[in-house]
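Fold and geometry: a report
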Amino acid sequence: CDWSSDVCSSDLAAMPFDDQFTYWNLDYRVPLFSSGQLKATEQIAKSSHSAASYRLDSLKWGIRYKVTSAYTNLSAVNHELAAWQDYLKALHSLNGHIQIGVENGKYAPLDKLKVQYEVEAAKLKIAGLNQKKQALTAFLATLIGENPGKGATFELEEVDLENVPKTLPKISKLEETAVEN
């Protein structure tokens, strides 16, 4: 047994054993031929990142549009409601004048009924506008993160069209303003 005799004859204490070694390994693989898969995967990742960025921008502009639309519609409803309320006051005044005219024989009783019909139609229109205002207020509250169930109210400021900037502010500036308020 040549091999065992050589091992036995040598000094066993000088031989390295497993507890005396430290092992480490680095494994790096490079495909020799990948049919352009690495380049295509990189382009797909870049395109996905760009698409996500564009979707985020689109979402921000969509929210901006919805808030602007809701604000504009709410302002229009407020003005229309004020006009109908003034119209209702005028109809009540007209109704009083017609009543006096009917009593004096100047107007027919049918004229009084026509005015009363217009009064009821105006009241119905005002009720509809109040419901529309309530719905728009709830929608706007939802868009800005408020609880619409609390009966949110908004005081709208009149916009001076002469002082509207020619360019729109950046979306980040609008976000900062919205968070501050």
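Side note on the overall build of the protein chain
Looking only at helices and strands, one finds four helices and zero strands in the protein chain. Mapped in sequence order, the helices and strands of the protein chain form the string α-α-α-α. For the protein chain, the exposed surface amounts to about 15,300 Å²; the carbon and sulfur share of it is 58%.

A word on a nonpolar patch on the surface
A cluster of nonpolar side chains, contributed by Leu-56, Leu-59 and Ile-63, occupies part of the molecular surface with about 270 Å² of accessible area. Relative to the helices and strands, Ile-63 resides in helix H2 (residues 37-103). On the basis of relative accessible area, Ile-63 is assigned to the partly exposed category, the value being 39%.

Focus on H2
Three or four residues apart is the spacing at which side chains of an α-helix point the same way, because the helix has 3.6 residues per turn. The terminal C-alpha atoms of H2 lie 95 Å apart, and with 67 residues this matches the ideal 99 Å at 1.5 Å per residue to within 8%. Listing the buried residues of H2 in full gives Arg-64, Ala-70, Leu-74, Ser-75, Val-77, Leu-81, Leu-88, Leu-91, Asn-95, Ile-98 and Gly-101. Looking at the residues trailing H2, positive phi occurs at Gly-105, about 85°.

Some remarks on the packing of aromatic side chains
In total, this model carries one aromatic pair according to the counting rule given. Relative to Tyr-87, the ring of Trp-84 has its centre 5.5 Å away and its plane inclined at 85°; by these criteria the two rings are edge-to-face. With Trp-84 and Tyr-87 both in helix H2, this residue pair falls three residues apart, about one helical turn. On the basis of relative accessibility, which here comes to 34%, the residue Tyr-87 falls in the partly exposed class.

A short note on helix H3 (residues 109-143)
Taking 1.5 Å per residue, 35 residues should reach 51 Å; H3 reaches 51 Å between its end C-alpha atoms and fits that length. All of the buried residues in H3 are Val-115, Val-119, Ala-122, Ile-126, Leu-129, Leu-136, Thr-137, Leu-140 and Ala-141. Of the surrounding elements, those touching the buried residues of H3 are H2. A positive phi of about 90° marks Gly-145, the residue just after H3.

What counts and what doesn't
Residues numbered from 1 in each chain as written. Predicted model: local features only at pLDDT ≥ 70, side-chain atom pairs only at ≥ 80, totals over all residues. Heavy atoms only, no water. Helix = DSSP H or I, 4+ residues; strand = E, 2+ residues; numbered from the N terminus. Areas by Shrake-Rupley, 256 points an atom, 1.4 Å probe, with all protein chains shown as cover. Patch = residues over 30% accessible without salt bridge, like charges linked within 9 Å, V, L, I, M, F, W, Y side chains within 5 Å. Salt bridge = Lys/Arg side-chain N within 4 Å of Asp/Glu carboxyl O. Buried < 20%, exposed > 50% of the residue type's maximum accessible area, 1.4 Å probe, protein only. Expected span 1.5 Å × (residues − 1). Phe/Tyr/Trp six-rings, centres within 6.5 Å; stacked < 30°, edge-to-face > 60°. Contact = heavy atoms within 4.5 Å.

The analysis is restricted to geometry; functional conclusions fall outside its scope.
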